[in-house]
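Spelled out, the chains give:
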Amino acid sequence: MTKNLYSPLRIYKIFHLLLTFYLLIKRRESFLFIKSIKADKITSYINYLGPSFIKMAQVLATRSDFFPPNYLNELKKIHDNLPPMSQSELEKVYEDKGFINFNKTPIASASIGQVHEAFLKDGSKVAIKIRRYNIEKIVKTDIKIISFLNVIFKPLFSHYTKNSIEAVISEFASTIIKETSMRIELTNLKKFSKIYQDSNIIFPKYYEELSNDNMLVMSFEEGFRFDDRKNIEEFKIDIKKAINDLVLFYVEQMLIRGYFHADPHPGNVFINKNSQIILLDFGMVKSVSNETRLNIISLLKAANEQNYEEYIAACKNLGISAYETPTTMLAEFVEQIFDIFSNDSLSKTTMQNLAFEVMANTAKFPFKLPAEAIYILRVSAIIEGLGTSYLENFNGIKDILPILVKNIPRAVGAKETLVDTIFDELKELPQNLHYIKTSFHKISSGQIETNISKSQLEYFKKAIDEKVSELIFGLVLILTSFFILLLDDGFKFIAIAFFIAGVLRLIYKR
Ligand SMILES: Nc1ncnc2c1ncn2[C@@H]1O[C@H](COP(=O)(O)OP(=O)(O)O)[C@@H](O)[C@H]1O
Ligand SMILES: [Mg+2]
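Residues numbered from 1 in each chain as written. Chains lettered and ligands numbered in written order. Predicted model: local features only at pLDDT ≥ 70, side-chain atom pairs only at ≥ 80, totals over all residues.

Caption draft 1: Inspection of the overall build of the protein at higher detail. Helix and strand counts for the protein stand at 20 helices and eleven strands. Every one of the 510 residues in the protein was classed for burial, and the buried ones make up 36%. The long-range fraction of contacts in the protein, counting pairs at least 24 apart against all pairs at least 6 apart in sequence, stands at 67%. (Helix = DSSP H or I, 4+ residues; strand = E, 2+ residues; numbered from the N terminus. Buried ≥ 20, exposed ≤ 12 C-beta atoms within 10 Å, placed from the backbone. Contact = placed C-beta atoms within 7 Å.)

Okay, here's the thing in C-alpha cells:
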C-alpha cells in the first residue's frame, strides 16, 4: 500500500473526501460539478484511504459543530480494527529482546499498531505493542497531501471557518504523529505512572530497556473490557465503585493536574476482579496549560454561580468568544449554558447532549472552541457513556457536574502541583526534542513550503489592491495547473484541483 500513496486515484479520493468535509461545514450540496460524497458511501471511502483517515474519521465523529447527524452516524460506525500486518512486515519491526513464547498472532490490531503476548525470562507475562511497518511514513505522506489540499481550499472559507479547519488539521496532524511513536507512548505512560502514582488506578508497568520506537513492552494486565457486561456481572465486580473511581480520576486529571488520557473508550479502560480500573493506551494524552485550566475552572465556577460577567470574561480568556462576537450572540450562548447549570429539570440533559449542543451552537457563532475545550467535552461525554452503559439514569450533568463543582476550590488551589508536571516535561525534553528534530520537522517541510507561499501571497495581497490580487491569485493557480500537467501527466488530478481552485478564485472574488 505504501507504494501507491501518491496515486492519482488516491489523491483524488482524498481531495473528494476533504471537499465533502468542507461542503458539509459550509452546509452546501455541491461545488461546481463535484457533489459531496453521500453519507452511506463515506465509510468505504475512508476505509480505502487507510489508517490516517480512519483516525481522522474517529476524531471528526464527535464534531457536531461540523457535521449533520446522518454523516456523524456514519463516521461513528468506523472501527479502528484492521487485519494484522503480514509476517514479513512484522519481522521488520519486531526485535527479539529474548522474549519467550512470543505469540505471532496479535490479540488486537488497529490502524497504527498491534498488540502481542509474550513472556520474559523471569516468567512475567508482557504485552508488546508494535507499530505497523512503515506507518510513520504513511501518516506523514497523508498529512502532506492534506496540508497541500488545504492550501487550495483555504481561499473559499470565511476567516472563522478557516481558523477552525486549520486548528483541526494541525491538531489532528500532531496527535496522529505522536501516536505513531512508541517512544512517545512510553514517555506518556512513564509520566502517568509517576504523576498519578497515588491514585487507585492501575497503569501497566513499562519495560523501558526492552522498548524502542517500534515496540512498547509492558506488563500484561488481566482484566475485562469496560463493556464486557457478562464477565463484570459474573465476577460480581463493583461497577459503581469503579465508575466513581474513574470519574474522580478524570476530575483529578483534567481540572487539577491538567494532564489527561484523552481516549477513555471501553477498549482502553479495563476492570480487574478486584473492581480496580486499569487504564491502557497512552497514545492520545493531552495537557491543558495552567492558564487554560484556571480559565476553565472560572468558567465552571461562574456558570455555577450564574455570574454573567465572570463567565464572559472566562470565555474571552479561553478564546471561546472572538473579539468581534456581538454581545447579543454571546448572551444567547451564555444563557443556554446557565440554563443547564440552573434548571433541575434539565438534569435529564446528558453530558453527551450538552457537548453536542455546545459544539453545534458554536457552529452558528463566529467563535471557535479551543482544542482543549473540545477534548474535555469529548472525554466527559465518553466517560458519561461508560457510566450510562451500567448505571440506569447515570448522567453526566447530574452525576459528574456536582463532583466537578465540589472540586473547584481544590482545583483553584492546585497551581503548585502542576509544577511537577512541568518539571517532568522538562526532564523528558531532550528525548522529545530529538524526536521533534528528527521527524516532525522533516515532514512539515512540505507544510513550510506552502506556508511560505501563503505568507508571500498575503504580503502580495496587502501590497496591491485586494481585487487585483484575487485576480492574480486565480490566474496563478490556473497557470500552475497547466504547468503541473506539462511536468507530469500522472499529477493530472492535482492539476485539476489547482485549475478548479483558480476558477473559483476568479468567480468568488471578494
Ligand atoms: N498492557 C496490556 N495488558 C493487556 N492487554 C493489553 C495491554 N495493552 C494493550 N492490550 C490489549 O490490546 C488492545 C489494543 O491496545 P491499545 O494500546 O489500546 O492499542 P490501540 O492504540 O491500537 O488502541 C487493548 O484494547 C487491550 O485489549
Ligand atoms: Mg486503544
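Text resumes after the structure shown.
Caption draft 2: Representation of the site of ligand 1. In the vicinity of ligand 1 there are 17 residues, among which Ala108, Ala110, Val115, Ala127 and Asp281 approach most closely. For the shell around ligand 1, the secondary structure elements donating two or more residues are strand E4 (113–119) and strand E5 (125–131). A breakdown of the residues in the shell around ligand 1 according to their chemical character gives ten nonpolar, four polar and three charged. (Near = placed C-beta within 6 Å. Nonpolar A, V, L, I, M, F, W, Y, C, P; charged D, E, K, R; others polar.)

Caption draft 3: Region of interest: helix H1 (residues 8–25). Along its 18 residues, H1 runs 25 Å from first to last C-alpha, staying within 8% of the 26 Å computed at 1.5 Å per residue. The positive-phi residue at the C-terminal boundary of H1 is arginine 27, with phi of around 55°. (Expected span 1.5 Å × (residues − 1).)

Caption draft 4: Seen up close, the sheet that holds E5. Spatial ordering of the open sheet is given by E3-E4-E5-E6, a layout of four strands whose pairing is antiparallel. The sheet terminates laterally at strand E3 (108–109) and strand E6 (215–219), the two strands that pair on one side only. For E5 and E6, the ladder comprises five bridges, and the chain directions are antiparallel. Looking at E6, one finds that valine 126 is bridged to serine 219. Of the strands in this sheet, E5 and E6 are in contact with helix H8 (residues 182–195), which crosses E6 at around 30°. (Pairing = 2+ DSSP bridges. Axes fitted to C-alpha atoms, helices over the stretch in contact; angles between N-to-C directions.)

Caption draft 5: Spatial organisation of the sheet that holds strand E7 (residues 224–225). Sheet architecture is open: three strands sit in the order E7-E9-E10, paired in antiparallel fashion. Bordering the open sheet on either side are E7 and strand E10 (277–279), each of which pairs with just one other strand. Direction of pairing for E7 relative to strand E9 (residues 269–271): antiparallel, over a ladder of two bridges. Bridge assignment links phenylalanine 224 to a residue of E9, and that residue is isoleucine 271.

Caption draft 6: The arrangement of the pairing of E4 in detail. Strand direction decides the pairing type here: E3 and E4, joined by two bridges, are antiparallel. By the bridge assignment for E4, serine 109 is matched with glutamine 114. Pairing analysis gives seven bridges linking E4 to E5, with the strands arranged antiparallel. Each residue of the ladder has a partner; that of phenylalanine 119, found in E5, is lysine 125. The hairpin turn running from E4 into E5, its antiparallel successor, is five residues long, and glycine 123 in that turn takes a positive phi close to 90°.

Caption draft 7: View of helix H3 (residues 51–60). Burial analysis of H3 places eight of its ten residues in the buried class, the great majority of the element. Restricting attention to buried positions, one finds in H3 the residues Pro51, Ser52, Phe53, Ile54, Lys55, Met56, Ala57 and Leu60.

Caption draft 8: Highlighting the packing of helix H11 (residues 290–305) against helix H12 (residues 308–318). Interaxial distance between H11 and H12 falls to 8 Å at its minimum, and their mutual angle equals 155°. Taken together, H11 and H12 sit at an angle that is classed as roughly antiparallel. For the pair H11 and H12, the sense of crossing is left-handed. Counting all contacts with H11, which are made through Thr292, Asn295, Ser298, Leu299, Ala302 and Ala303, the residues of H12 involved are Glu310, Tyr311, Ala314, Cys315, Asn317 and Leu318. (Parallel < 35°, antiparallel > 145°, perpendicular 65-115°, else oblique. Left-handed = near helix turned anticlockwise from the far one by under 90°.)

Caption draft 9: Summary view of the environment of lysine 104. The residue lysine 104 is located in the loop between helix H5 (87–93) and E3 in this model. Taking the C-alpha atoms as reference points, lysine 104 and alanine 118, separated by 14 residues in sequence, lie 9.2 Å from one another. Look past the residues within four positions of lysine 104 in its chain and what remains in contact with it is Gln87 and Leu90.

Caption draft 10: Expanded view of unusual backbone geometry. Phi at asparagine 101 is positive, roughly 50°, even though this residue is not glycine. Unusually for a residue other than glycine, aspartate 281 sits at a positive phi of about 70°.

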